[in-house]
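The chain contents come next:
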Amino acid sequence: MLQPLIYDIGEPGRVGVNLPKCDVPKVELPAALMRAELALPEVGEVQVVRHFVKLSKLNYSIDQGLYPLGSCTMKYNPKINEDAARLPGFAQLHPLTDECGSQGALFLMHELQTWLGEISGFDAVSLTPAAGAQGEFAGILMIRQYHIDRGEGQRDLILVPNSAHGTNPATVTMAGMRVHELPSNNQGNVDMDALQVACAGELRDRIAGMMITVPSTLGLFESTIVDVIATVQDAGGLMYMDGANMNALMGVVKPGELGFDVMHYNLHKTFSTPHGGGGPGSGAVGVNAKLAPYLPGPIVAIVEEGNADASEGGRHDMSPLQDARTDDEDVGATNLAARAPLYGFVMPEKSIGRLKAFHGNFGMHLRAYAYIRVYGDSGIRDVTRYAVLNANYLRAKLMKSYKAPYPRYCGHEFVLEGHFADVNDVHALDISKRLMDYGFHPPTNYFPLIVPEALLIEPTETETKADLDEFVAAMEAIAEEARDDPELLRQAPHTAPVRRLDEVRAAKELVLCCAPARPA
Ligand SMILES: *Cc1c(COP(=O)(O)O)cnc(C)c1O
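Residues numbered from 1 in each chain as written. Predicted model: local features only at pLDDT ≥ 70, side-chain atom pairs only at ≥ 80, totals over all residues. Heavy atoms only, no water.

1. So, the overall build of the protein chain
Alright, step 1. Helix and strand counts for the protein chain come out as 18 helices and 12 strands.
Alright, step 2. Scaling as 2.2 N^0.38, a compact globule of 520 residues should have a C-alpha radius of gyration of about 24 Å, and the protein chain matches this with 26 Å.
Alright, step 3. When burial is assessed residue by residue, the protein chain has 46% of its 520 residues classed as buried.
Alright, step 4. Within the protein chain, contacts between residues at least 6 apart in sequence are counted, and of these 75% link residues at least 24 apart. (Helix = DSSP H or I, 4+ residues; strand = E, 2+ residues; numbered from the N terminus. Rg over C-alpha atoms; globule rule 2.2 N^0.38 Å. Buried < 20%, exposed > 50% of the residue type's maximum accessible area, 1.4 Å probe, protein only. Contact = heavy atoms within 4.5 Å.)

See the structure below:
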């Protein structure tokens with residue numbers, strides 16, 4: 001059923017604004033820019049507000065309920081992040097402001113670089129990549145340049161397990177390297193025999209490195225990860241960790257300490273930022289000392305040390321957010337006693353270059369900074385612990401009514417098979433569409449590719465037990481319906497504003513016009 005469009009409820013002469021009397025001389029507008037026909041709706045304020053509120057309700061969002069879209073970490077986004085990102089001093093700071101006029105922003109970016117390094121066990125971090133996939137691209141370009149500089153430019157192979165996120169092989173190809181795919185064993189781990197063969201055989205001198213997601217896209221922690229890292233590094237390769245799943249590790253495991261050389265973070269997943277729908281993201285990259293000179297730039301550095309009094313401000317601990325305001329006397333006193341360090345942008349010595357205009361998506365840096373600052377170190381650890389606990393709770397409950405292809409403890413997400421041995425022709429898609437009728441966003445469908453009818457479920461840490469139990473109840477009810485009335489699933493959703501779409505057409509032929517042609 002189509003909602004009435006704002007055009008249908010308008011009437012000639014109806015207005016929603018009171019403009020003040022014109023107090024400047026009237027001038028003719030340039031005729032070339034004027035359109036004779038511009039069918040703008042004529043509506044009052046009430047109609048406009050109702051129109052937009054109606055539109056907003058057509059979309060499901062994390063502020064409405066559970067959003068278990070595996071791989072995407074759709075956690076609740078704390079509103080304080082949004083307040084921070086809208087502070088005028090940050091939001092209105094022009095990217096061309098000189099360093100003298102942007103010390104606050106530079107300080108914040110420097111802190112964030114330092115904290116991300118601390119969380120992941122890496123020596124240096126660049127915030128410039130605009131998304132996870134761009135962080136990956138940066139990582140592989142760094143690995144490539146590292147080998148070229150050592151006279152080993154023939155190393156052109158990147159090992160990629162078949163459980164990898166789709167961006168991984170795409171990244172390798174875009175960076176001018178070749179993918180060498182590795183199979184997974186029946187536990188969902190990388191097949192060590194296949195890895196040994198690749199690293200010991202005739203390909204040994206061509207191995208540039210390996211890209212691996214930990215925990216994997218199956219939601220499983222690679223139990224042999226230390227051996228995997230040693231095997232690849234022994235063959236002269238570097239290890240790239242896809243860190244999009246840091247929500248299962250942060251505060252508990254540091255990838256740098258495991259031996260990884262480079263990793264990207266998805267700040268818009270793990271460290272919260274509204275995402276989905278292609279909004280801006282941030283795919284910061286962390287590296288060890290070997291790759292630090294190659295980081296994409298610019299990165300923020302202290303270009304002139306402050307004196308001791310200034311750096312004793314206690315700002316470098318990860319304590320809960322404190323009121324940063326000081327009264328005037330304090331500011332005066334601080335200025336006399338102490339000189340803060342001077343922050344500036346630098347290009348790392350052998351940088352692979354720039355990936356993005358200016359300094360990356362600063363609004364996302366602000367949100368991640370606020371997020372980490374509010375949680376502090378023990379809070380960050382709790383985020384991970386609850387994310388893993390919630391996923392394992394759901395998995396244990398749902399394994400009774402759905403097949404779990406890898407029945408072992410998971411990280412922050414897990415895979416089920418969305419079909420039933422005793423029901424014909426009910427698929428993961430039908431289950432997902434039916435979930436919408438129960439008021440839930442569906443999980444990720446048909447990914448990872450190596451599981452038939454995959455449903456990848458990630459509850460995140462921000463859901464209560466009661467929320468999780470409601471989801472379990474819906475999934476169980478759907479498993480029963482599949483047996484009693486499978487057609488109900490095949491025809492779902494029944495309550496959504498639109499039924500099943502031609503998804504390819506909907507994505508490729510987006511209708512963005514505010515007055516689409518309506519069926520007669
Ligand atoms: C989301 C994701 C990516 C890609 O991140 P984008 O920000 O969407 O480019 C890469 N790897 C994994 C495992 C992911 O979940």
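2. A closer look at the nonpolar core
Alright, step 1. Membership of the largest hydrophobic core comes to 50 residues, with the highest contact counts inside it found for Leu116, Leu159, Leu195, Met210, Phe260, Tyr265 and Phe271.
Alright, step 2. Elements represented by at least two residues in this core include exactly helix H5 (103-120), helix H8 (192-200), strand E4 (207-213), helix H9 (225-234), strand E5 (238-243), strand E6 (262-265) and helix H14 (362-398).
Alright, step 3. In terms of residue count, the dominant contributor to this core is H5 (9 residues).
Alright, step 4. Apart from residues no more than four positions distant in its own chain, Phe260 is found in contact with Phe122, Ile212, Val214, Ile225, Ile229, Met239, Tyr240, Met241, Pro255 and Asn288. (Core = buried A, V, L, I, M, F, W, Y, C linked by side-chain atoms within 4.5 Å.)

3. What about the site of the ligand?
Alright, step 1. Taken together, 13 residues sit near the ligand, with Gly132, Ala133, Asp242, His268 and Lys269 positioned nearest.
Alright, step 2. A distance of 2.8 Å separates an oxygen atom of the ligand from a polar backbone atom of Ala133.
Alright, step 3. A distance of 2.5 Å separates a nitrogen atom of the ligand from a polar atom in the side chain of Asp242.
Alright, step 4. Taking 380 Å² as the accessible area of the ligand by itself, protein coverage stands at 86%.
Alright, step 5. Only helix H6 (132-149) and helix H11 (267-270) provide two or more residues apiece to the shell around the ligand.
Alright, step 6. The greatest single-element share of the shell around the ligand, amounting to 3 residues, is contributed by H6.
Alright, step 7. Per-class residue counts for the shell around the ligand are 3 nonpolar, 7 polar and 3 charged. (Near = heavy atom within 4 Å. Polar contact = N/O pair within 3.5 Å; in protein donor to acceptor, adjacent residues only side chain to side chain. Areas by Shrake-Rupley, 256 points an atom, 1.4 Å probe, with all protein chains shown as cover. Nonpolar A, V, L, I, M, F, W, Y, C, P; charged D, E, K, R; others polar.)

4. Comments concerning a nonpolar patch on the surface
Alright, step 1. A surface patch of nonpolar side chains, amounting to about 270 Å² of accessible area, comprises Phe52, Leu55 and Leu58.
Alright, step 2. Structurally, Leu58 can be placed in helix H2 (residues 45-58). (Patch = residues over 30% accessible without salt bridge, like charges linked within 9 Å, V, L, I, M, F, W, Y side chains within 5 Å. Salt bridge = Lys/Arg side-chain N within 4 Å of Asp/Glu carboxyl O.)

5. Notes on the pattern of salt bridges
Alright, step 1. Per the counting criterion, the structure on display carries 23 salt bridges.
Alright, step 2. Between Arg367 and Glu82 there is a salt bridge, with the nearest N and O atoms lying 2.9 Å from each other. One end of the pair, Arg367, is in helix H14; the other, Glu82, is in helix H3 (residues 79-86), with 285 residues separating them in the sequence.
Alright, step 3. The network of salt bridges with common partners includes Glu82, Arg86 and Arg367.

6. Focus: the environment of Glu11
Alright, step 1. Assignment of secondary structure puts Glu11 in the loop between helix H1 (6-9) and H2.
Alright, step 2. Between the C-alpha atom of Glu11 and that of Gly44, which follows or precedes it by 33 residues, the distance is 9.3 Å.

7. Some details on a negative patch on the surface
Alright, step 1. On the surface, Glu476, Glu480, Asp484 and Asp485 cluster together into a negatively charged patch.
Alright, step 2. Tracing the sequence through the fold places Asp484 in helix H16 (residues 465-484).
Alright, step 3. Given a relative accessible area of 64%, Asp484 falls into the exposed group. (Lys, Arg positive; Asp, Glu negative; His and termini not counted. Charge placed at Lys NZ, Arg CZ, Asp CG, Glu CD.)

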